[in-house]
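# Observations on the three-dimensional arrangement
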Amino acid sequence: METISLLDVRRNAKGLVGRLVRGESFRLTYRNRPVGELFPLKKNQPIEISDPVYAVFEHGEDLGGTLDSRAADALIYDK
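Attention in this report is confined to the structure presented alongside it.

So, how was this worked out
- Residues numbered from 1 in each chain as written.
- Predicted model: local features only at pLDDT ≥ 70, side-chain atom pairs only at ≥ 80, totals over all residues.
- Heavy atoms only, no water.
- Buried < 20%, exposed > 50% of the residue type's maximum accessible area, 1.4 Å probe, protein only.
- Helix = DSSP H or I, 4+ residues; strand = E, 2+ residues; numbered from the N terminus.
- Arc of directions from axis to C-beta.
- Salt bridge = Lys/Arg side-chain N within 4 Å of Asp/Glu carboxyl O.
- Core = buried A, V, L, I, M, F, W, Y, C linked by side-chain atoms within 4.5 Å.
- Contact = heavy atoms within 4.5 Å.

Moving on: helix α2 (residues 13-21). Every buried residue of α2 is listed here: A13, L16 and L20. Buried residues of α2 fall within an arc of 65° about the axis and therefore sit on the same side. Seen from the open side of α2, the exposed residues pointing more than 90 degrees away from its buried face are K14 and V21. Where α2 ends, the next residue or the one after it, G23, has phi of about 105°, a positive value.

On to the pattern of salt bridges, then. This structure, assessed with the given rule, holds 3 salt bridges. R19 is the partner of E24 in a salt bridge, and the nearest nitrogen-oxygen pair spans 2.7 Å. For E24, a relative accessible area of 29% translates into the label partly exposed. Ionic pairing is found between E37 and R27, a salt bridge with its closest N-O pair at 3.1 Å. Residue E37 is found in strand β3 (residues 33-38), and its partner R27 is found in strand β2 (residues 26-30); the two are separated by 10 residues along the sequence. Several salt bridges share partner residues, and in doing so they unite E2, R19 and E24 into one network.

As a rule of thumb, nonpolar side chains are buried together in soluble globular proteins. In this structure, I4, L6, V9, L16, L20, F26, L28, Y30 and L38 together form the largest nonpolar core, which totals 9 residues. If you list the elements that add at least two residues to this core, you get α1 (6-11), α2 and β2. At 3 residues, the largest contribution of residues to this core is made by β2. Beyond its immediate stretch of four places on either side in the chain, I4 contacts V9, L16, F26, R27, L28, T29 and L38.

No statement about biological role is implied by the geometric values presented.
Shown next, in the form of structure tokens:
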């Protein structure tokens, strides 16, 4: 399983979503510490709009493809 950082997610959310769709899984780190795993959903399991990683992707698109660290952290960690 490939390890990716929150920075990787912020920089390339759309590409990572595409890789998830193709069946890849990832271990997610924040400040060099493992915090979770991203894995493809089962075919019949819908993506929840409230999913924090989905929110990062959607808000990044709204802002022209970028989010600063503070905004991404607020979306994911409710800071």
